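# Descriptive structure summary
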Amino acid sequence: MLYPAMTAPALLEAPAPTRLWTPRRVLVTRSAAERPHGQRVLARLEAAGVSDVELLPGDRLPSLRGDDDRAAFMAAKDTMALVVPPPSKRRLQPIPPSADFRLDLAEGCPAHCQYCYLAGSLSGPPITRVWADLDEVLDGLDSYVGQGRITSGTLERGGEGTTFEASCYTDPLALEHLTGGLARMVAHFGTHEWPGPVQLRATTKFDDVAGLLGLPHGGRTRLRFSLNAASVGRRFEGATSRVDARIAALGAVARAGYPVGLTIAPIMPVEGWREEYGALLDAVAAVLPAGTDLTVECITHRFTPGSKETLLDWYPRTKLEMDESRRTPKRGRFGSVKHVYPKETMAELRTWFEAALADRLPQARFLYWT
Ligand code: SF4
């Protein structure tokens, strides 16, 4: 499929974003303030009216203490740091089967999902660290093209080329109005002369897509929206954009010619789940233009002992079901354990989703169920 350099203005309408984060405090290290991307972020922070921006004399972040753990958690969640990551973070890590490589714009997320998949995987206070060395990272990507298990054929998937995932440790659209980093990546992937086929991938629970619609994306970025049953979104996905707003944003980027995707996650067998997930798939089908390049990833809810402990610490009054006696342990290679739904529940969910997707979104490419 050929993509125009710019998409026709008539197709570029996006509803106003329903959720924009304003950090209470921003910490900027000296090295970050010197980088071109750091300076662009500083200009955006000023334009967004973020007032508490602290330029640090060096590259160490101060410790973020509150009166108690809860206060420290809330303070950290409301803090953004603009930093240059250590060089060790700049060797891209392989992450099959989701993508060939992780390509991080940031680490941390300002939203409050009570099942957050970052719980237990990031250490330290949950501040959102935005990386200021984006230009250097983009300049160094050519050497990864043709590498990785998916692109080398072990896990070949639909001729996507070498895939780079931008949302492993953050939600890029949650930060886009403050950083512009995702737009810069999309334009780079769309216009750079690559030594082979590539694809940038990002997934989001936000709807701030207006700045992406007119970009010369070249069909090389797949924007996926993390969607769920309406009641799961309402109860457990605090400070994200509403599910219906995400679906509207999905429609807008699909009309702008982006390949798109659904990340249906975390799937939960809540009361009336067939009706709720059926309504979700119907709403998605209603906004997608004919011929949309659509993928679907389905991830059922699971937790580990570590993530449960962290989440109960963060959200002590959560009603999220994390009851080991109602789950089946799934053991990993290094003795790790995940608590997943029992086999019968998994089979029931999977059978229903496969049939519902084939019926409601027949053009979708189903990538995986887990
Ligand atoms: Fe965690 Fe994603 Fe929710 Fe952010 S949007 S809190 S990263 S699950």
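Higher on the page you've got the structure.
The text that follows walks through the structure, step by step, so that each part is easy to find. Everything numeric in this text was worked out from a predicted model, so none of it was measured.

### Things to note about helix H2 (residues 36-47)
Taking 1.5 Å per residue, 12 residues should reach 16 Å; H2 reaches 17 Å between its end C-alpha atoms and fits that length. By the burial criterion, the buried members of H2 are His 37, Gly 38, Val 41 and Leu 45. Seen along its axis, H2 keeps its buried residues to an arc of 100°; they face one direction. Exposed and facing more than 90 degrees away from the buried side of H2 are Glu 46 and Ala 47.

### What to know about the packing of aromatic side chains
Summed over the entire model, instances satisfying the criterion amount to 11 aromatic pairs. On the basis of an interplanar angle of 65° and a centroid distance of 5.0 Å, the ring pair of Phe 101 and Tyr 144 is categorised as edge-to-face. Here Phe 101 is found in strand S5 (residues 99-102), whereas its partner Tyr 144 is found in the loop between helix H4 (134-139) and strand S9 (162-165), with 43 residues between them in sequence. As far as the burial class goes, Phe 101 and Tyr 144 line up, both buried. Note on Trp 314 and Tyr 315: the rings are 6.3 Å apart at their centroids and 90° apart in plane angle, and the pair reads as edge-to-face. Taken individually, Trp 314 and Tyr 315 each receive the classification buried, so the pair is uniform in this respect.

### Examining the packing of helix H10 (residues 273-287) against helix H12 (residues 343-360)
Two numbers describe how H10 lies on H12: the axes approach to 11 Å, and their chain directions differ by 30°. Relative to H12, H10 is oriented roughly parallel. By crossing handedness, the relation of H10 to H12 is classed as right-handed. Here Trp 273, Arg 274, Tyr 277, Gly 278, Leu 281, Asp 282 and Ala 285 of H10 come into contact with H12, specifically with Glu 348, Leu 349, Trp 352, Phe 353, Ala 356, Leu 357 and Arg 360. For the contact of H10 with H12, a count of residues per class yields 9 nonpolar, 1 polar and 4 charged.

### Considering the nonpolar core
In this structure, Phe 164, Leu 262, Ile 264 and Tyr 277 are the most contacted members of the largest nonpolar core, which totals 96 residues. Those residues in contact with Leu 262 that lie beyond four places of it in its chain are Phe 225, Leu 227, Leu 250, Leu 281, Val 284, Leu 294, Thr 295, Val 296, Glu 297 and Leu 361. Core analysis: the second largest hydrophobic core is formed by 8 residues, Leu 56, Leu 64, Ala 81 and Val 83 among them.

### Quick word on the site of the ligand
In the vicinity of the ligand, the residues found are Cys 109, Ala 111, Cys 113, Cys 116, Tyr 117, Leu 118, Asp 171 and Lys 205. Class assignment of the residues belonging to the shell around the ligand gives a composition of 6 nonpolar, no polar and 2 charged.

### Some details on the packing of helix H5 (residues 172-179) against helix H6 (residues 181-191)
Between H5 and H6, the least distance of the axes is 6 Å, while the angle of their chain directions is 95°. Taken together, H5 and H6 sit at an angle that is classed as roughly perpendicular. Contacts from Pro 172, Leu 173, Glu 176 and Thr 179 in H5 reach Gly 181, Leu 182 and Ala 183 in H6. Across the contact of H5 with H6, the residue classes tally to 4 nonpolar, 2 polar and 1 charged.

### Section: unusual backbone geometry
A negative phi angle characterises most non-glycine residues, just as the trans form characterises most peptide bonds. The linkage connecting Ala 265 with the following residue, Pro 266, adopts the cis geometry, with an omega of -15°. As for its placement among the helices and strands, Pro 266 is situated in strand S13 (residues 260-267). Of note, Ala 239 is a non-glycine position whose phi angle comes to about 60°, a positive value. Residue placement: Ala 239 occurs in the loop between strand S12 (237-238) and helix H9 (243-255).

The rules behind these values
Residues numbered from 1 in each chain as written. Predicted model: local features only at pLDDT ≥ 70, side-chain atom pairs only at ≥ 80, totals over all residues. Heavy atoms only, no water. Helix = DSSP H or I, 4+ residues; strand = E, 2+ residues; numbered from the N terminus. Expected span 1.5 Å × (residues − 1). Buried < 20%, exposed > 50% of the residue type's maximum accessible area, 1.4 Å probe, protein only. Arc of directions from axis to C-beta. Phe/Tyr/Trp six-rings, centres within 6.5 Å; stacked < 30°, edge-to-face > 60°. Axes fitted to C-alpha atoms, helices over the stretch in contact; angles between N-to-C directions. Parallel < 35°, antiparallel > 145°, perpendicular 65-115°, else oblique. Left-handed = near helix turned anticlockwise from the far one by under 90°. Contact = heavy atoms within 4.5 Å. Nonpolar A, V, L, I, M, F, W, Y, C, P; charged D, E, K, R; others polar. Core = buried A, V, L, I, M, F, W, Y, C linked by side-chain atoms within 4.5 Å. Near = heavy atom within 4 Å.

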